[in-house]
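# Geometric and topological summary
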Amino acid sequence: ILQKSELEKRFNPQYYQVEYKKIINKLKENKHSKLGEIVKFSKETWNQKDFFNDTFPYIEISEIDILSGEIQNISNVEISNAASRAKMIVRENDIIVSTTRPNRGAIALIKKEQDFSIASTGFCVIRNSEIDKNYLLAILKQNFILKQFEQRSSGGNYPAITQEELSSVIIPIANGDIQLKIKTIFQECFKQKKINEEKAEKLLESIDTYLLNQLGIVLPQKQENTLKNRIFTSSISQLSGSRFDPNYNNLNHQSNIASIKNGRYKVENLKQITSQIFQGVSRNIDEKSQFILLKVKNIKQDCEIDYDETEPIGTFSKDKVLQKNDIITPCIGEAIRHIKFAVFEKNDNIYLADNNVGVIRPNELVNSLYLNYCLCNSIGRLQINRLIGGGGVPFLGSDNLKKFIIPIPPLKKQNEIAENIASIRKQAKDLINLNKELLQKANEEIENLILKS
């Protein structure tokens, strides 16, 4: 129940929840400003023609680590395939704030090496600030700010915040000593985070060596990329199948394939160890639908699926509904080069993949996790680099997926390999989860400094 005098421009009940009111009142007890009073938002946009030759560096919302605020990957996208939302020019020391589902905290500070990248119009870009940018970044990622983002958002399944509403968010302005403490907390946290990530990376890198050793595969020494090594000749009888392009018939690729075949176990084509390989369905977004669409961006580099950033799809093909233990992978576009495969493990809703995603459905001859680990490591990576086709847009497709060769040890051995790799991955994941705890603790310290100052 509100007095008429308490109403602002908004009439929706959520905006006036007691939780939000308490946060704002607490922040107003100390020095504060509205965000729009201490920063200026950039309106610098790219016309999708100038500055770049063939490709441009593109920052998507899905590539922002919502815990650390780091940009995990910047894609090099063909200008001819630029999405209409690829417009915002970002500069070193800009802060970008996701305006779609902003309460998730997809917020990042642009580093020197990311200067003059192109960001989605789904970001607001903060360019000039009256307060320290590192302090501001730390503050923007705090719960008392994210709750204000939540309060000021509008929309249904995909709430968004406008720049006008963003400008009205209350920002605490701590004194110099408190600001320095907050920056130090964040710096120490990220220092330890980096150490943990390096340990996790070494563990993950060890998987490839373990897998190849278990399968008795010795890959040839990689040759230097000199002109002499790139030149080769082949007779018609030596050419493989219907492919005549140099990359496919390159002698290095042929040596790699021979090494896989000469391992401890017989190899099979994916076609022989799967019941089905197909591409997903065309997008038909319908926010009222109960069916869920998985896209390329949902397939993460760590061989897992992000089930949060999904979209509802209106219609579906029954024969293309994802089943538990299906393996999904990008099959069109630059994402192919990142070598990402992941096992689908959900059965709580009807999920489908979009038509940029390939679906591999293993049969009873193969453990799906074992197959996924083979595809994610050298065995799959070397073959993707060979089988990939297309001109400006890389293309894999279901026909090429069927040509992959995979060593097939007895199922008991597959299970053993899969379990051991899963154990190594768990150790790495525990280190990453430890980072989450570090960041959570840092955020709690910062919140105490701000709200009790």
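Here is a short report on the structure shown in this document. (Residues numbered from 1 in each chain as written. Predicted model: local features only at pLDDT ≥ 70, side-chain atom pairs only at ≥ 80, totals over all residues. Heavy atoms only, no water.)

## Side note on the packing of aromatic side chains
Within the structure shown, the criterion is met by eleven aromatic pairs. Considering the side-chain rings of Tyr307 and Tyr351, the 5.8 Å spacing of their centres and the 80 degrees angle between planes classify their relative orientation as edge-to-face. Of the two residues, Tyr307 sits in the loop between β13 (291–294) and β14 (311–313) while Tyr351 sits in strand β17 (residues 351–353), which places them 44 residues apart along the sequence. Each residue in the set Trp46, Phe51, Phe52, Phe56, Tyr58 and Phe116 is aromatic and connected to the rest through ring pairs, giving one cluster. (Phe/Tyr/Trp six-rings, centres within 6.5 Å; stacked < 30°, edge-to-face > 60°. Helix = DSSP H or I, 4+ residues; strand = E, 2+ residues; numbered from the N terminus.)

## Topic: the packing of helix α6 (residues 176–215) against helix α13 (residues 411–451)
Their axes nearest at 9 Å, the elements α6 and α13 cross at an angle of 180 degrees. Between α6 and α13, the interaxial angle falls into the category roughly antiparallel. Its residues placed into classes, the contact of α6 with α13 shows 26 nonpolar, eight polar and eight charged. (Axes fitted to C-alpha atoms, helices over the stretch in contact; angles between N-to-C directions. Parallel < 35°, antiparallel > 145°, perpendicular 65-115°, else oblique. Nonpolar A, V, L, I, M, F, W, Y, C, P; charged D, E, K, R; others polar.)

## Quick look at the pattern of salt bridges
Opposite charge on two side chains lets them pair, provided their charged atoms get close. One pass over the structure, following the stated rule, counts 22 salt bridges. Among the salt bridges present, the one from Arg425 reaches Glu304, with a minimum N-O distance of 3.6 Å. Highlighted residues: Arg425 in helix α13 and Glu304 in the loop between β13 and β14, separated in sequence by 121 residues. When its relative accessible area of 28% is taken as the criterion, Glu304 is described as partly exposed. Note that Arg361 is salt-bridged to Asp326, the shortest N-O span being 2.8 Å. Taken together, the residues span a long stretch of sequence, with Arg361 in strand β18 (residues 357–362) and Asp326 in the loop between β14 and β15 (327–330) at a distance of 35 residues. For Arg361, a relative accessible area of 7% puts it in the buried group. Exposure remark for Asp326: the relative accessible area of 1% places this residue in the buried category. When salt bridges that share partners are traced, they join Glu44, Arg91, Asp94 and Arg127 into one network. (Salt bridge = Lys/Arg side-chain N within 4 Å of Asp/Glu carboxyl O. Buried < 20%, exposed > 50% of the residue type's maximum accessible area, 1.4 Å probe, protein only.)

## What about the sheet that holds β15?
Pairing within the open sheet is antiparallel, and its four strands lie in the order β12-β18-β15-β16. In this open sheet, the two edge strands, each paired with only one partner strand, are β12 (274–279) and β16 (342–343). Where β15 meets β16, two bridges bridge the pair, whose relative direction is antiparallel. By the bridge assignment for β16, Ile328 is matched with Ala342. (Pairing = 2+ DSSP bridges.)

## A few points about the pairing of strand β3 (residues 55–59)
Of all five residues in β3, four are buried, a share of seventy percent or more. Where β3 lies against strand β4 (residues 75–78), four bridges are found, and the strand directions are antiparallel. From the neighbouring strand, Phe56 faces β4, where its bridge partner is Val77. Across two bridges, the pairing between β3 and strand β8 (residues 117–120) is parallel. Within β8, the position partnered with Tyr58 by the bridge is Ile118.

## Section: the pairing of strand β5 (residues 86–90)
Among the five residues that make up β5, four are buried, leaving the element largely enclosed by the rest of the structure. Pairing of β5 with β8 involves four bridges; the strand directions are antiparallel. Residue pairing in the sheet places Met88 in a bridge with Ala119 of β8.

## A word on helix α4 (residues 143–152)
A large share of α4 lies buried, amounting to eight of its ten residues. Taken as a whole, α4 has its buried residues at Phe144, Ile145, Leu146, Lys147, Gln148, Phe149, Gln151 and Arg152.

## Notes on unusual backbone geometry
In this model, Gln48 sits at a positive phi of 65 degrees, which is unusual for a non-glycine residue. Here Gln48 is to be found in the loop between β2 (39–41) and β3. Phi angles above zero are rare outside glycine, and Asn93 is one such case at about 80 degrees. Its location among the elements puts Asn93 in the loop between β5 and β6 (95–98).

## Comments concerning the packing of α6 against helix α11 (residues 378–387)
The geometry of α6 relative to α11 is characterised by a closest axis approach of 10 Å and an angle of 95 degrees between their N-to-C directions. In this view, α6 runs roughly perpendicular relative to α11, as classed from their interaxial angle. Contacts between α6 and α11 involve Asp208, Leu211, Leu212 and Leu215 from the first element and Ser378, Ile379 and Arg381 from the second. When its residues are assigned to classes, the contact of α6 with α11 shows four nonpolar, one polar and two charged. (Contact = heavy atoms within 4.5 Å.)

## Looking at a nonpolar patch on the surface
There is a patch of nonpolar side chains on the surface, built from Leu2, Leu7 and Phe11 and spanning about 310 Å² of accessible area. Looking at the secondary structure, you find Phe11 in the segment before α1 (18–27). (Patch = residues over 30% accessible without salt bridge, like charges linked within 9 Å, V, L, I, M, F, W, Y side chains within 5 Å. Areas by Shrake-Rupley, 256 points an atom, 1.4 Å probe, with all protein chains shown as cover.)

## Some details on the environment of Phe232
Assignment of secondary structure puts Phe232 in the loop between α7 (227–230) and α8 (246–249). By relative accessible area, Phe232 is classed as partly exposed at 22%. Separated by 17 residues in sequence, Phe232 and Asn249 have C-alpha atoms that sit 9.4 Å apart. In this view, Phe232 contacts Pro246, Asn249, Asn250 and Leu251; residues no more than four positions away in its chain are not counted.

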